[in-house]
Amino acid sequence: MNKIYYLASCDTCRKIIKSLPNSNKLTFIDIRQNPISESDLEEMYQLSGSYEALFSKKAQLYKSLGLKDKNLTEPDFKKYLLEHYTFLSRPVVVFNDEIFIGNTQPNVLKLTKALQSV
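Residues numbered from 1 in each chain as written. Predicted model: local features only at pLDDT ≥ 70, side-chain atom pairs only at ≥ 80, totals over all residues. Heavy atoms only, no water.

**A look at unusual backbone geometry**
Note: most residues except glycine have negative phi, and most peptide bonds are trans.
Okay, step 1: The amide bond that connects arginine 90 to the next residue, proline 91, takes the cis arrangement and shows omega of -15 degrees.
Okay, step 2: With respect to the helices and strands, the residue proline 91 is situated in the loop between helix H4 (74-83) and strand S3 (92-95).
Okay, step 3: A positive phi is found at asparagine 22, a non-glycine position, where the angle reads about 55 degrees.
Okay, step 4: Note on placement: asparagine 22 falls in the loop between helix H1 (11-19) and strand S2 (27-30).
Okay, step 5: Residues other than glycine seldom take positive phi values, yet asparagine 96 does so here, at roughly 50 degrees.
Okay, step 6: By secondary structure assignment, the location of asparagine 96 is in the loop between S3 and strand S4 (98-101). (Helix = DSSP H or I, 4+ residues; strand = E, 2+ residues; numbered from the N terminus.)

**So, the sheet that holds strand S1 (residues 3-6)**
Backbone-to-backbone hydrogen bonds join strands into a sheet, with any given pair of strands oriented parallel or antiparallel.
Okay, step 1: Strand order across the open sheet formed by four strands is S2-S1-S3-S4, with mixed pairing between neighbours. With one partner strand each, in any of the chains shown, S2 and S4 form the two edges of the open sheet. For this sheet, the mean inter-axis angle between neighbouring strands, taken without regard to orientation, is 15 degrees.
Okay, step 2: Where S1 meets S2, four bridges bridge the pair, whose relative direction is parallel. Following the sheet pairing, isoleucine 4 is matched in S2 by phenylalanine 28.
Okay, step 3: Here helix H5 (residues 105-116) sits on the sheet and contacts S3 and S4; the angle it forms with S4, its principal contact strand, is near 145 degrees. (Pairing = 2+ DSSP bridges. Axes fitted to C-alpha atoms, helices over the stretch in contact; angles between N-to-C directions. Contact = heavy atoms within 4.5 Å.)

**Thoughts on the environment of threonine 112**
Okay, step 1: Structurally, threonine 112 can be placed in helix H5.
Okay, step 2: The spatial distance from the C-alpha of threonine 112 to the C-alpha of isoleucine 16 is 9.6 Å, given a sequence separation of 96 residues.
Okay, step 3: For threonine 112, the contacting residues outside a window of four places in its chain are Leu20 and Pro21.

**Some thoughts on H4**
Okay, step 1: By the burial criterion, the buried members of H4 are Phe77, Tyr80 and Leu81. The buried residues of H4 occupy an angular sector of 100 degrees when the element is viewed end-on, so they sit on one face. Exposed side chains of H4 directed beyond 90 degrees from the buried face belong to Pro75 and Glu83.
Okay, step 2: Against the buried residues of H4 lie helix H2 (38-48). (Buried < 20%, exposed > 50% of the residue type's maximum accessible area, 1.4 Å probe, protein only. Arc of directions from axis to C-beta.)

**Things to note about the environment of threonine 86**
Okay, step 1: When you line up the elements, threonine 86 lands in the loop between H4 and S3.
Okay, step 2: Put simply, threonine 86 and glutamine 46 are 40 residues apart on the chain and 21 Å apart in space, counted from C-alpha to C-alpha.
Okay, step 3: Apart from residues no more than four positions distant in its own chain, threonine 86 is found in contact with Ser56, Ala59 and Leu61.

The structure is reproduced here in structure tokens:
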């Protein structure tokens, strides 16, 4: 299934979503209201190749818990991603067995091109 994991209260997520063509082809999942399940995270992991790729080191909780000073492993990243929605690098889009992680301009352009081809 084609999904977008986002935070409804995030201005950046809303801006990106508004700019996407054919966004009606995506199932929207607000990660605050519907926390990421282990099976959803596993699907993202299979497509991305690592939990760290899905993890946001910009999250305030990352700094306040002192995680930046620790040597986190893949199991650590998985644990934190399942514990709190803020650790997911947003938005994450799973579309046609491809994953698009985060809000960088090149990533959003790649996602836009993929959605235009529908």
